[in-house]
Amino acid sequence: MTDDSQRFTSMYDECRQRVWAYVVSRAGRQVADEVVSETFAIAWRRLEDVPEPALPWLLGVARNVLRDNIRAEIRRDALSAELRAWTEDDVAEQVTERLNVLKALTGLSEDDREILILTAWQGLSPRDAAQVVGCSPTTFRVRLHRARRRLKQRMDTAVSPEPRMRNLSEEWS
Amino acid sequence: MNPIDQLRAARPAHLDDTPVDPRTRAAELSRAMARPRQAPARRRIVRPVWGLGLAGAAAAVTAVAVTISATGGTAPRAPSAQVISSPATTTPRIELSGRSILLAAAHGAARQPDVTGAYWHTVSVSRNLFEAADGDYTVVDPQRNEVWTPSATGGEQWSRTRSLGAEPAGPDDRAAWERAGSPAEIQVKSPKMGDSPKSKGFTLSTEPGAARDGHAPLVDGDKVFWLGRNVTMKDLRDLPNDPDRLKAWLLRSYEGHGTESDDPMSSDAWLFAVTVGLITDMPVTPQVRGAAFRMLADLESIEVVRDVVDAEGRTGSAVAIEERVRAKADAKAGEGILRNRLIFDEATGRALARDSVVVRPGGLQAGFAPGTVWNSETVLEAGWTDEKPAS
C-alpha cells in the first residue's frame, strides 16, 4: 500500500460515518451513500489539498455535492421521510422531550437546521463549522445564536400552548 | 436545559458512530481509489489549510464544552487556593488599586478619536494548546484571523484565516520535541472530553498554511456581532455612554446562566464575558469603551494586575475573573478553574489580548499545569478602513 492510499484509508475510517451522519441529517438515508461515495472520490482525487483534521473539509465537500447533485425538492422530500422515521422509530423508548426537540428541528429552515446539526450532532467548534458553511467564525456565532433561539421558540411553543391562548383571550377581553 | 444540549441528547441512535459495514467500505474505497489522482500541478500545499478548531475530529460534546469554558460556569465565591505561577508569559509584579487602573483605561479610551469607515477591520491571532500524543510536550497552534465587517447594512462580512504553523510551546517543550526527532507533523491529543466516544487526536503541521478567504451576508441582513444578543452596527454605535445604563442595557439579555449553557452564572461573570467581547472585538464609540471599563471597575469579583505580558510579548494591565469549568455540562467530576483575562493598554484603553490561564487543572484543561496560558487571542489591528476586503 502506498503512503497516499494508507493516508486516504485511515482518513476514510476515521471520518466516513461522521460524513454519512451529516448527509443523513441534511437529506435522508436514501441519498446518503451516494453522496458519501462521491465525497470520498473527490477527496482521493484532491488528496493533496485535504488538510488535517480532515473532517471539516470533507463535510464542506459533502455539502457541495449535496447542493450540486441532489435537487432541492428531492432533498426536502427525502429529509421529510427521514424526519418522520426519526420521530416514529423506537416508540417504546420515546421520551416526549426528545420528540419535541426533533419536531422543533424539522420545523426550522434548512440553514438553521444545518447550523444546529453541525454544532450539536457533529460537535464542531464555531471555527470548524464556519469553514464547512463558508463564513467567518464571527458570522457563524451570530447565526448559531439565531438558530438556537428559533429552535427554543419552537420547542417552547410545542410544550406549552397555554400562554399563547391566554394572550389571545386578553386581547379579546 | 440548553436547547443545544437537548438537541444533542435527541440525536437519532442510527447517526451514532458505528463502524461502516465492510461491504460498503470496500466498495467506496475501491470506487474512490480507482480514479486517477489529480496531478499536483502546483507545489504541494502544506497542511493544515483549514482553521484547526479545538473540536476537529473530536466528539459531539466538543462545541458546547468549548463555549462553556469560554463563557460559562459559575463565578467562584472564594479565591482558589492555588496561586498562578506562570513560567512562560505572565509575571504579575505589582498589585495596585485595580479600580484606578481601570479608570485610567476608561479615561484613555474615551479620549481616542472616533473615526468610522466602510469596514471595521480586525487582525488577531488565536492560540490554542495541545498535548503531543507521543512524548511529553505541549504544542501551540496559532491562527491568524482577519475580519472585515461592513458599516452598511445588507452587505457581507469577509474573513481571511491562516494557520501560522504549530510549534513547541516553550523551551522545555522544544527540547522534548527535538528529542522526538523534530517532527514537522505533530500528532496531538484531542482535548479530553469525559466519556467522548472518540479521542483519536489529529495532526498539526509546523508549516504555515495557505490563507483562506470567506464571505457571507450579514445575519438578517444587519446583525454584526453577538453582545448577549445579536446586534446591528447601529445598535453598537448607539450603546449608552453611561456605565450604569450600559450595564442595564447588557443585563437585559442575562438570564441567570452562562452565555451558551444553562449552568448558573453570576451576573458579574456574565457581564465580564460579554464586556470583554465588546472591548476586544467591537467598533463601539470611544465613550462606550470608556463606559465599559468604568463598569468593569465596579464589579466585585474582578481582579486587576499590572505588568502582564500577552502572547505577542506586549506588556499591559489585565482585568481578570475566575471561572469554574467542566468538560461536559453534566459532568460532576474533574471541575477546574480558569482565570479569564482581558489584557489592555492603560493609556489608550485598547485591548491587547484576552486569554485563559489554568488555575486548577480540570475540564478540557485537565492535562495542563497551573499557570499555563491555555488559549489566547491577541489583537494586532482593530480599526476602520475604507479599503475593500481581501481582494
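Nothing here was measured: the structure is a model prediction, and the numbers come from that model.

Each value, and the rule that gives it
Residues numbered from 1 in each chain as written. Chains lettered and ligands numbered in written order. Predicted model: local features only at pLDDT ≥ 70, side-chain atom pairs only at ≥ 80, totals over all residues. Helix = DSSP H or I, 4+ residues; strand = E, 2+ residues; numbered from the N terminus. Buried ≥ 20, exposed ≤ 12 C-beta atoms within 10 Å, placed from the backbone. Contact = placed C-beta atoms within 7 Å. Core = buried A, V, L, I, M, F, W, Y, C linked by C-beta atoms within 7 Å. Expected span 1.5 Å × (residues − 1). Bend = angle between axes of the 7 residues up to and from the residue. Pairing = 2+ DSSP bridges. Axes fitted to C-alpha atoms, helices over the stretch in contact; angles between N-to-C directions. Parallel < 35°, antiparallel > 145°, perpendicular 65-115°, else oblique. Nonpolar A, V, L, I, M, F, W, Y, C, P; charged D, E, K, R; others polar. pLDDT = per-residue confidence, 0-100. Left-handed = near helix turned anticlockwise from the far one by under 90°.

Turning next to the overall build of chain A. Helices and strands together make up the secondary structure of chain A, namely 9 helices and 0 strands. Helices and strands appear in chain A in the N-to-C order α-α-α-α-α-α-α-α-α. Considering chain A as a whole, with its 173 residues, one finds that 49% of them fall into the buried category. In chain A, of all internal contacts separated by at least 6 residues, the share reaching a separation of at least 24 is 64%.

Each helix and strand counted, chain B has 9 helices and 14 strands in total. With 391 residues in all, chain B has 50% of them scored as buried. Here the contacts in chain B between residues at least 6 apart in sequence split such that 70% fall between residues at least 24 apart.

So, on to the environment of I302 of chain B. All names here are of chain B. Here I302 is to be found in the loop between α9 (286-297) and β10 (303-309). With 21 C-beta atoms packed within 10 Å, I302 lands in the buried category. Distance in space between the C-alpha atoms of I302 and I321 is 5.0 Å, their sequence separation being 19 residues. Those residues within four positions of I302 in sequence are excluded, and the remaining contacts are G98, F272, L296, V319, A320 and I321.

Another point: the environment of S5 of chain A. Residue position: S5 of chain A is located in helix α1 (residues 3-27). The spatial distance from the C-alpha of S5 of chain A to the C-alpha of L47 of chain A is 9.6 Å, given a sequence separation of 42 residues.

L102, V139, A292 and L296 of chain B are the most contacted members of the largest nonpolar core, which has 76 residues in total. It is helix α8 (residues 267-281) of chain B that contributes the most residues to this core, 9 residues altogether. Discounting chain neighbours no more than four positions away, the residues touching L296 of chain B are L102, T275, I302 and V319 of chain B. The next biggest cluster of nonpolar side chains, apart from the first, holds 56 residues, and it includes F8, Y12 and V61 of chain A together with L29 of chain B.

With that settled, the discussion passes to α1 of chain A. All names here are of chain A. Its 25 residues give α1 an end-to-end C-alpha distance of 34 Å, which sits within 8% of 36 Å, the value for a rise of 1.5 Å per residue. The largest bend in α1 amounts to roughly 50° and is located at C15. With its phi angle positive at about 85°, G28 sits one or two positions after the end of α1.

Before going further, it helps to examine helix α6 (residues 110-121) of chain A. Counting buried residues in α6 of chain A gives 10 out of 12 residues, a clear majority hidden from the surface. Residues D112, R113, E114, I115, L116, I117, L118, T119, A120 and W121 of chain A constitute the buried set of α6 of chain A.

The next subject is the pairing of strand β8 (residues 223-226) of chain B. Residue and element names in this part refer to chain B. Bridge analysis of β8 against strand β9 (residues 230-232) gives 3 bridges, and the strand direction is antiparallel. Bridge assignment links K223 to a residue of β9, and that residue is T232. The turn linking β8 back onto β9 is made up of 3 residues, and G228 within it adopts a positive phi angle of 85°.

A separate point is the packing of helix α7 (residues 243-251) of chain B against α8 of chain B. All names here are of chain B. Interaxial distance between α7 and α8 falls to 11 Å at its minimum, and their mutual angle equals 95°. In this view, α7 runs roughly perpendicular relative to α8, as classed from their interaxial angle. For the pair α7 and α8, contact is made by K247, L250 and L251 and by S267, L271 and V274, respectively. Classifying every residue of the contact of α7 with α8 gives 4 nonpolar, 1 polar and 1 charged.

Attention now moves to the confidence of the model for chain B. Residues and elements named next belong to chain B. Overall, the prediction assigns chain B a mean pLDDT of 77, with 78% of residues at 70 or greater. Across chain B, α9 holds the top mean pLDDT of 95, while helix α3 (residues 62-71) sits lowest at 28. In this model, residues 40-96 is a region of pLDDT below 50 whose contacts with residues beyond four sequence positions or in other chains number 189 contacts. Segment residues 193-198: pLDDT under 50, and 20 contacts once partners within four positions in sequence are set aside and those in other chains are kept.

With that out of the way, let us pick up unusual backbone geometry. Looking along the chain, the bond that leaves E52 of chain A and enters P53 of chain A is cis, with omega of -5°. Along the chain, the position of P53 of chain A falls in the loop between α2 (29-45) and α3 (55-69). If you check the backbone angles, S182 of chain B has positive phi at about 45° while not being a glycine. Along the chain, S182 of chain B falls in the loop between α5 (171-179) and β5 (185-188). Positioned with a positive phi, D220 of chain B is a non-glycine residue whose angle comes to about 55°. Mapped onto the elements of the fold, D220 of chain B is located in the loop between β7 (212-217) and β8. Note on D220 of chain B: 12 C-beta atoms within 10 Å, which makes it exposed.

Attention now goes to the packing of α8 of chain B against α9 of chain B. Each pair of packed helices can be summarised by the angle the axes make with each other and by the distance between the axes. Residues and elements named next belong to chain B. Interhelical geometry of α8 versus α9 gives an angle of 150° and a closest axis separation of 10 Å. Taken together, the axes of α8 and α9 are roughly antiparallel relative to one another. When the axes of α8 and α9 are compared, the crossing they make is left-handed. In this structure, α8 contributes T275, L278 and I279 to the contact, and α9 contributes R289, A292, M295 and L296. Of the residues contributing to the contact of α8 with α9, the split by class is 5 nonpolar, 1 polar and 1 charged.

The residue E28 of chain B is located in helix α2 (residues 22-34) in this model. What makes E28 of chain B buried here is the crowd of 20 C-beta atoms within 10 Å. With near-sequence residues (within four places) excluded, E28 of chain B lies in contact with V36, S37 and F40 of chain A.

What follows concerns the confidence of the model for chain A. Mean pLDDT over chain A: 81, with 86% of residues reaching 70 or higher. This model gives residues 160-173 of chain A a pLDDT under 50, and the stretch forms 0 contacts once residues within four places in sequence are excluded.

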